Amino acid sequence: MPELAPYAVTAANSRGRQHPDGEPSQRSHRSEFQRDRDRIVHSTAFRRLEYKTQVFVNHEGDLFRTRLTHSLEVAQIARGTARALQLNEDLAEAISLAHDLGHTPFGHAGQDALNDCMRQDGGFEHNLQSLRTVDLLEERYAAFDGLNLCFETREGIIKHCSPENARQLGDLGERFLSRAQPSLEAQICNLADEIAYNNHDVDDGLRSGLISLEQLQDVEVFARHIAAVRRAHPGLGGRRLIHETIRRLINTLVCDLIETSAGNIARQAPASLAEARLGPPLVAFSAEAFAEQRQLKRFLRTQLYQHYQVLRMASKARRIIGDLFAAFTGEPRLLPPQYQITGDGDQARRVADYIAGMTDRYAIREHRRLFAVDQG
Ligand code: MG
């Protein structure tokens, strides 16, 4: 790893882990944040990402992004950006790989449905569920629950948070109340997430046939890049034309992110991690790139995410999640024993944990097992 900037997160300025763990002599070959990354990759929640929807439900096609391939793309973009800015690449990778661990099955439709179900019981928010997954739900250590990740990795998972939730998060929620920023590595992951999903949703949208190249002509940044590809490669068509265009879109955005952020950092000149947390976010797109991204997002929202075929799947997802939640909270004995609360515990929250942990296909199967009379 190249030498880190003074405002990068390091093991030396880290706020550390919640539980004392391990003998330093056993782990001298890995940095603290490599250890975090490795713990995330070995977790059960990480493996489940393979079968969770990004936009298209897992069984709709083998080539669409899942939460797993999305997370890998985010990690790749975040690592490259962190390295270019002399920030901690291992931390950026760890946050990226963990950022979607708390997602429900069926993408945003699933999250909205579970949030509706939990309205009387504190709501459901996938960021907080990702944190709950790494802090509590993973069962891998003898001495404590969760993965015992470093403060900065956990902080990076919480992209947004209401003041009410922030107050319950203790030291992790402080920055939302004092309006401080997360580490620059966490800021990178937030924008790497956007770069990844905007571009892969264009790719998946075209692959599915729900959006077309003609429609995308209305999106200025796409029209500009595809015109450049057509000029450079006259007669090119099909998948290669799409991939050449998307490749350029991603590269342009990543370069813009690195150059704009480097400029912001140079202007602000933070002398330490603590200083980098004060003031405005330093990792950002230029105003032009930001405006173009907004236009692309608007296009995806109206043309893809609200396409009737996507909405049909979302409506089915809402029904499945609503049915499961009602059945389990109405009769907790239907739950696997480890999710049944005896005594005063929060049964609704445990039902939400169970449902949020499901993959798309597991949720569909569980729904069938509970509601189809000819299945057991
Ligand atoms: Mg994401």
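How each quantity is defined
- Residues numbered from 1 in each chain as written.
- Predicted model: local features only at pLDDT ≥ 70, side-chain atom pairs only at ≥ 80, totals over all residues.
- Heavy atoms only, no water.
- Core = buried A, V, L, I, M, F, W, Y, C linked by side-chain atoms within 4.5 Å.
- Buried < 20%, exposed > 50% of the residue type's maximum accessible area, 1.4 Å probe, protein only.
- Helix = DSSP H or I, 4+ residues; strand = E, 2+ residues; numbered from the N terminus.
- Contact = heavy atoms within 4.5 Å.
- Donors = N, O, S within 2.8 Å, 3.2 Å for Na, K, Ca; no water.
- Patch = residues over 30% accessible without salt bridge, like charges linked within 9 Å, V, L, I, M, F, W, Y side chains within 5 Å.
- Areas by Shrake-Rupley, 256 points an atom, 1.4 Å probe, with all protein chains shown as cover.
- Salt bridge = Lys/Arg side-chain N within 4 Å of Asp/Glu carboxyl O.
- Lys, Arg positive; Asp, Glu negative; His and termini not counted.
- Charge placed at Lys NZ, Arg CZ, Asp CG, Glu CD.
- Phe/Tyr/Trp six-rings, centres within 6.5 Å; stacked < 30°, edge-to-face > 60°.
- Lys NZ or Arg CZ within 6 Å of the ring centre and 35° of its normal.
- Expected span 1.5 Å × (residues − 1).
- Arc of directions from axis to C-beta.

Draft legend 1. Summary view of the nonpolar core. Counting residues in each nonpolar core, the largest one holds 34 residues, and the members touching the most others are Tyr7, Leu87, Leu184, Ile188, Ile195 and Phe285. Per-element accounting of this core gives the leading share, 8 residues, to helix α10 (residues 184–208). With near-sequence residues (within four places) excluded, Leu87 lies in contact with Leu4, Tyr7, Ala8, Ala82, Leu184, Glu185 and Ile188. Counting 25 residues, the second largest nonpolar core, distinct from the first, contains Leu114, Phe325, Leu335 and Ala348.

Draft legend 2. Spatial organisation of the coordination of the magnesium ion. Bound to the magnesium ion are the protein donor atoms His70 (NE2), His99 (NE2), Asp100 (OD) and Asp193 (OD), situated 2.1 to 2.7 Å from the metal. Each donor residue of the magnesium ion belongs to the same chain, with the gaps between them written as H-x28-H-D-x92-D. Linking His70 in helix α3 (residues 67–84) with His99 in the loop between α4 (89–98) and α5 (107–117), this pair joins segments that are 29 residues apart in sequence. Here the two residues His70 and His99 agree in accessibility, since each one is buried.

Draft legend 3. Here's a closer look at the side chain of Ser96. Note that Ser96 resides in helix α4. You can call Ser96 buried: its relative accessible area is 1%. Those residues in contact with Ser96 that lie beyond four places of it in its chain are Ser71, Val74, Ala75, Ala78 and Cys189.

Draft legend 4. Inspection of a positive patch on the surface at higher detail. On the surface, a cluster of positive charge is contributed by Arg312, Lys316, Arg318 and Arg319. Tracing the backbone through its elements, the reader meets Lys316 in helix α16 (residues 308–330). According to the relative accessible area criterion, Lys316 is partly exposed, its value standing at 43%.

Draft legend 5. The arrangement of the packing of aromatic side chains in detail. Inspection of every chain in the model, using the stated rule, returns 4 aromatic pairs. Their ring planes at 40° and their centres at 4.7 Å tell us that Tyr339 and Tyr354 sit as a pair that is tilted. Highlighted residues: Tyr339 in the loop between α16 and α17 (347–357) and Tyr354 in helix α17, separated in sequence by 15 residues. Using a relative accessible area of 16% as the deciding quantity, one classes Tyr339 as buried. Residue Tyr354 is classed as buried on the basis of its relative accessible area, which comes to 6%. Considering the side-chain rings of Tyr354 and Tyr362, the 6.4 Å spacing of their centres and the 80° angle between planes classify their relative orientation as edge-to-face. Residue classification places Tyr362 among the partly exposed residues on the basis of a relative accessible area of 28%. An aromatic cluster is built from Phe328, Tyr339, Tyr354 and Tyr362, whose rings are joined through pairwise contacts. We note Arg15 situated over the ring of Phe151; from NZ or CZ to the ring centre the distance is 4.1 Å.

Draft legend 6. Layout of helix α18 (residues 360–371). Compared with an ideal rise of 1.5 Å per residue, which puts 12 residues at 16 Å, α18 spans 17 Å between its outermost C-alpha atoms and is within 8% of the ideal. Every buried residue of α18 is listed here: Asp360, Ala363, Ile364, Glu366 and His367. Seen from one end, α18 has its buried residues packed into an arc of 165°, which puts them on one side. Residues of α18 that are buried make contact with α16 and α17.

Draft legend 7. Summary view of the pattern of salt bridges. Going through the model one piece at a time under the given rule, you end up with 27 salt bridges. A salt bridge links Arg37 to Asp38; the nearest nitrogen and oxygen atoms lie 2.6 Å apart. Under the relative-accessibility criterion, Arg37 is labelled buried at 18%. What makes Asp38 buried here is its relative accessible area of 17%. With a shortest N-O distance of 2.5 Å, Arg119 and Asp116 are connected by a salt bridge. Because the salt bridges share partners, they merge into one network encompassing Arg30, Arg37, Asp38, Arg79, Arg83, Glu89 and Glu93.

Draft legend 8. A look at the environment of Val229. In this fold, Val229 is placed in helix α12 (residues 220–232). By relative accessible area, Val229 is classed as buried at 0%. Aside from chain neighbours lying at most four places away, what touches Val229 is Leu236, Leu241, Glu244, Thr245 and Arg248.

Draft legend 9. Representation of α3. With 18 residues, α3 should cover 26 Å at 1.5 Å per step; its first-to-last C-alpha distance of 26 Å lies within 8% of that length. Every buried residue belonging to α3 is among Arg67, Leu68, His70, Ser71, Val74, Ala75, Ile77, Ala78, Thr81 and Ala82, and all of these are buried. Of the surrounding secondary structure, the elements contacted by the buried residues of α3 are α2 (44–48), α4, α5, α10 and α13 (238–268). Downstream of α3 by one or two residues, Gln86 has phi in the positive range, about 55°.

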